Amino acid sequence: MASNQDHNQPPKWANRLLEWYCREDLLEDLQGDLHEYYDRNLKKGRRIANLIFIIDVFKFFRSYTFRKLKNKYKMNSYMLFKNYFKTSVRSLARNKLFSFINIIGLAVAMSVGLLVITMIVESRGFDTFHEKGDHIYRVINTRTDARGDEFKMATTSYFLSQKLEDVAGYEYKTTLYGGFGGDADTGNKKLIITGLWASKDFFKVFSFPLIKGDPATALAEPNSLVITEDTSYKLFGAEDPMGKLITVGEREFLIRGVAQNPPKNSHFTFEALGSYVTKVNENQSDPDWSASTSMWITYIYMTIPHKEDVNQINHALRQICDTENEIIAPLHITSKLQPLDEIFNGAALGNQLGPTLPSSAALVFAILPFIILLTACFNYTNLSIARSLRRTTEVGVRKVIGASRWNIFAQFVIESIIIALLALLVSGIIYIPLREQFLILLDGDGLSLPITWSVIGSFVLFAIFAGILASIIPATTLSKFQAVAVLRGVSNVKLFAGLTLRKILLITQFSISTILILGTLILNKQYIHATSYDLGFSTDQILNIELQGNNHNLMRDAFATVPDVKSISRSEHILHSSMTHLKDGKYKDPLDSAQVHINFIDEFYLSNHQFSLIAGENFRYRPDSAEEQHVIVNEKLLERFDIDPLNALGEKIELEDKKLAILGVVKDFNHSTLDAPIEPFAFRYDPTKYRYLNLAINADDYIATIDRLEAVWRNFDELHPFSATFYDDEIDRAYMMFSMLIKVVGFLAILAISIAAMGLLGMSVYAVETRIKEISIRKVMGASVIKLVYLLSKGYIWLLVVATIISAPLTYFIINEMIISEFAYLAPMTVGDVLSGLILVFMIGLVMIGFQTYRAAQTNPAETLRNE
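All values derive from a computational prediction rather than experimental measurement.

1. Overview of the packing of aromatic side chains
Under the definition given, this model contains 41 aromatic pairs. Taken together, a centroid distance of 5.6 Å and an interplanar angle of 80° make the contact between Phe180 and Phe253 edge-to-face. Of the two residues, Phe180 sits in strand β3 (residues 172–185) while Phe253 sits in strand β8 (residues 251–259), which places them 73 residues apart along the sequence. The same class applies to Phe180 as to Phe253, namely buried. Pairwise contacts between aromatic rings join Phe129, Phe202, Phe203, Phe206, Phe208, Phe268, Phe270 and Tyr301 into one cluster. If you follow Arg640 out to its NZ or CZ, it ends over the ring of Phe641, 5.3 Å from the centre. Its guanidinium or amino end placed over the ring of Phe600, Lys689 lies 5.6 Å from that ring's centre, counting from NZ or CZ.

Written out as structure tokens, the structure reads:
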């Protein structure tokens, strides 16, 4: 606690202001007088005394009281910095090769860092345009099944939305439901639009300005529609769309609002919003719709004005879930609030409303370039310490004429920052094409990587940081030199600790490079294994065409006329590349349920894809209106419900409240990507569910065949684009993230080995320069070229050996335990895989060392010794 004496002192800042501007010869008298006046004025009250003191301090701020600038001191600082700058530039010019290696190495590493900076700056700006952004929260769910498997989702349920109506603490709540859209028909024009179902308070929660319409009522009535300005222009041109009727899919809507286009930094976008009450009215009688377990497409957002109410609402959510969990056991659901600013950069969740960059992915993106930057900094450190013996005299002279240790330290830091800023210019040239390639890799998934002034400012700060990071060790080492010792001779300078450090840094560089190269080779092997894996059915020459609402019978008959089409089947999903339906299945015990994957197929599907039917028979044709009676299952489903395979035919499985008799059993197959195990699966027959035609193609000219198929499509549908993909391409797309990971790690591996190779080249050049006299004498004494190369290279070869010994087991651990540990079906890692990567790194290192040492060994010793 402050004493009364402290309270009776004038304001410190005013006192300091007086001391700052007042001449030294006047300060004591003036300050004493003002303090005396202050003590007298305390009788009037402390606040009045403080005010009078402050006024007096400013009153005496006059020309005759102002102290003169210490020009001498300022000029010395300026001249010192100018000297540092000149010395640094001359040093860089004098050592062109080392400067080139440092600048290029840092530039290559920094170019990746610039990419990450652009990405982080943009991602931090998502959803910042909402006026109530700090008070917007989303309800998220975690679903835990009977086996304890957790599935964290951004979605929740209509059930929970209704329960929250009775909870206090929030201001506004809006419920969104995915899947709105389809063919929009104005009578004069048709357009495919996409969007969301949104409840009436959507515009009270979010700041998407309405150009036309009342935000309070635009989505309040059934069959109300809000479109964006772009959608309005595409459908109606310059006409006013307000109050016009429009058909979307099979529903008719009245346009009650036109919204500004959602900004790019929104975590979800839309072309149109349908009133949520429309969807609610349609599904009121559906028990699945209102079930607490139906949590796949519904999103709840709310504004909570007071932070203390967040805990209250989270408590209410827990109570609702606890009550419901007793009913739906063994399923278990938990819900909680997620702040808006944690959606784009938050935890990885399923069923996101738009693209996101989870914090874990952002952390990986940030760490990998930092590792590459470290390797470039190691180059600078190694070369700087190696060259330090040549600069000992310079350091000694500077110290003799008065330079402090801090002055020497600052000089080398400035030199490093200059190199880093030069590297920033070079990295900008690399960054531009790198950014374009990265955007192609992202395929427009949320980020556009804009270059703004804040991004450019971050680039400069990053370069200064890189310069300081690279210079810390060499600047510390060089500034420690004692003037007397270095001026007596180089032999008096001890750098043994530095030499050990250089070896450690070189080993670290090549270990990182080896890990990245081995990682790329092993990941690539796993990728090839995944895309060529025997799934248990054939995907060869199968072309999947999306029906997009067209009649599957008419389209099948039309495509069948194309000569190169061998056979056609129909299905709801494309196995292995997209999600299938997951439904609870039961056998005899009503309390024993299991999640069953479902795909609706026709009678040609199994033969078209060459599934192995090991028991029973295939579906037979039946009209669309016929009742569904049968199901074809895989072996895993029989195993799950403990059904005897020999007596499985005719046994009934309950799926979606239907008792379906087992008609056939197919051999187990991989219905999902290889990171998931084979699970219970059921094929069902319902023609109303078909979404794809599966065409078996046998053609010599596939491009011409697809052109003919597209022409057939155009005869039926001019609105929707022809969407056809070969099955193998669908599988490749399913492993797109895996492919991206290989490209990123492979690219970083190339950068790391390039930087490490340049560093090794620099070190070998330096070693040759310092030992050129020894080499010449050894040649005169009869040493062969091979012996000399061995003499100069053996130290570095041992470093490479140590790097490979460290990196091989480390790579195995990282890849196996951290990256592909969740894959159920892996390609075995062999000794050959590891050796191939090690040999590659070793060969690159030997080339860098051998090239320079061989040149040195070939020089004429007479020339060298004459100069010496």
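The structure having been displayed, the exposition proceeds.
2. A word on the pattern of salt bridges
Using the criterion set out here, one finds 22 salt bridges in the structure. For Arg251, the salt bridge is made with Glu282, and the minimal N-O distance between the two is 2.5 Å. Taken as a pair, Arg251 in strand β8 and Glu282 in helix α10 (residues 276–283) lie far apart in primary sequence, 31 residues in all. Here Lys659 ties to Glu654 by a salt bridge, and the two come within 3.6 Å at their closest N and O atoms.

3. Considerations on helix α21 (residues 702–716)
Taking 1.5 Å of rise per residue, the 15 residues of α21 would be expected to cover 21 Å, and the 22 Å separating its terminal C-alpha atoms lies within 8% of that figure. Inspection of α21 places Thr705, Leu709, Val712 and Trp713 among the buried residues, and these make up the whole buried set. Down the axis of α21, the sector holding all buried residues measures 100°, keeping them to one side. In α21, the exposed positions angled more than 90 degrees off the buried face are occupied by Ile703 and Asn715. At its buried positions, α21 is contacted by β12 (542–546), α18 (552–559), β13 (565–571) and β21 (692–697). Between the side-chain oxygen of the N-cap and the backbone nitrogen of Ile703 there are 3.3 Å, and the N-cap of α21 in question is Asp701.

4. Some words on the nonpolar core
Here is a general trend for soluble globular proteins: nonpolar side chains tend to be buried in one another's company. Within the largest apolar cluster, 118 residues are counted, with the highest numbers of intra-cluster contacts made by Phe559, Phe683 and Leu695. Top element by residues in this core is helix α23 (residues 736–770). It accounts for 16 residues. Discounting residues that sit within four places of it in the chain, Leu695 has contacts with Gln541, Ile542, Leu543, Ile545, Phe559, Val565, Ser567, Ile568 and Leu709. Counting 25 residues, the second largest nonpolar core, distinct from the first, contains Leu176, Val226, Phe270 and Leu353.

5. Describing the side chain of Thr156
The residue Thr156 is located in the loop between β2 (150–153) and α7 (158–163) in this model. A polar atom in the side chain of Thr156 sits 3.3 Å from the side chain of Asn141. Sequence-distant contacts of Thr156, defined by excluding residues within four places in its chain, comprise Val139, Asn141, Ser294, Met295, Trp296, Thr298 and Ile300.

6. Side note on the sheet that holds β21
The sheet built from four strands is open, its strands ordered β13-β21-β12-β22 with antiparallel pairing. Both outer strands of the open sheet, β13 and β22 (724–726), are each paired with one neighbouring strand and no more. Going from strand to strand, the sheet's axes swing by 25° on average, the running direction of each strand aside. Sheet topology places β12 next to β22; three bridges connect them, and they run antiparallel. From the neighbouring strand, Ile545 faces β22, where its bridge partner is Ala724. Docked against the sheet, α18 engages β12, β13 and β21, running at close to 165° with respect to β13.

7. A closer look at a positive patch on the surface
Judged by side-chain charge, Lys82, Lys86, Arg90 and Arg94 come together as a positively charged surface patch. One can find Lys86 in helix α5 (residues 71–94). Residue class for Lys86 comes out partly exposed when judged on its relative accessible area of 41%.

8. Considering the environment of Tyr177
With respect to the element layout, Tyr177 can be found in strand β3. Given the relative accessible area of 14%, Tyr177 is considered buried. Those residues within four positions of Tyr177 in sequence are excluded, and the remaining contacts are Leu196, Trp197, Tyr276, Lys279, Trp289, Ile297 and Thr298.

9. Comments concerning the packing of α18 against α21
When two helices pack together, their arrangement is captured by the angle between the axes and the distance separating the axes. Running from N to C, α18 and α21 point in directions that differ by 140°, and their axes come no closer than 10 Å. The interaxial crossing formed by α18 with α21 has right-handed handedness. Here α18 contributes Leu554, Met555, Ala558 and Phe559 to the contact with α21, which in turn contributes Leu709, Val712, Trp713 and Phe716. Its residues placed into classes, the contact of α18 with α21 shows eight nonpolar, no polar and no charged.

10. Some remarks on the packing of helix α3 (residues 24–41) against helix α4 (residues 46–59)
In contact at an axis separation of 8 Å, α3 and α4 are set at 155° when each is read in the N-to-C sense. Relative to α4, the element α3 is oriented roughly antiparallel. Remark: the crossing between α3 and α4 carries right-handed chirality. On α4, the residues touching Leu34, His35, Tyr38 and Asn41 of α3 are Arg46, Ala49, Asn50, Ile52, Phe53, Asp56 and Val57. Here the residues of the contact of α3 with α4 sort into six nonpolar, three polar and two charged.

Calculation criteria
- Residues numbered from 1 in each chain as written.
- Predicted model: local features only at pLDDT ≥ 70, side-chain atom pairs only at ≥ 80, totals over all residues.
- Heavy atoms only, no water.
- Phe/Tyr/Trp six-rings, centres within 6.5 Å; stacked < 30°, edge-to-face > 60°.
- Helix = DSSP H or I, 4+ residues; strand = E, 2+ residues; numbered from the N terminus.
- Buried < 20%, exposed > 50% of the residue type's maximum accessible area, 1.4 Å probe, protein only.
- Lys NZ or Arg CZ within 6 Å of the ring centre and 35° of its normal.
- Salt bridge = Lys/Arg side-chain N within 4 Å of Asp/Glu carboxyl O.
- Expected span 1.5 Å × (residues − 1).
- Arc of directions from axis to C-beta.
- Contact = heavy atoms within 4.5 Å.
- Polar contact = N/O pair within 3.5 Å; in protein donor to acceptor, adjacent residues only side chain to side chain.
- Core = buried A, V, L, I, M, F, W, Y, C linked by side-chain atoms within 4.5 Å.
- Pairing = 2+ DSSP bridges.
- Axes fitted to C-alpha atoms, helices over the stretch in contact; angles between N-to-C directions.
- Patch = residues over 30% accessible without salt bridge, like charges linked within 9 Å, V, L, I, M, F, W, Y side chains within 5 Å.
- Areas by Shrake-Rupley, 256 points an atom, 1.4 Å probe, with all protein chains shown as cover.
- Lys, Arg positive; Asp, Glu negative; His and termini not counted.
- Charge placed at Lys NZ, Arg CZ, Asp CG, Glu CD.
- Left-handed = near helix turned anticlockwise from the far one by under 90°.
- Nonpolar A, V, L, I, M, F, W, Y, C, P; charged D, E, K, R; others polar.
- Parallel < 35°, antiparallel > 145°, perpendicular 65-115°, else oblique.

These figures come from the coordinates and say nothing about function on their own.
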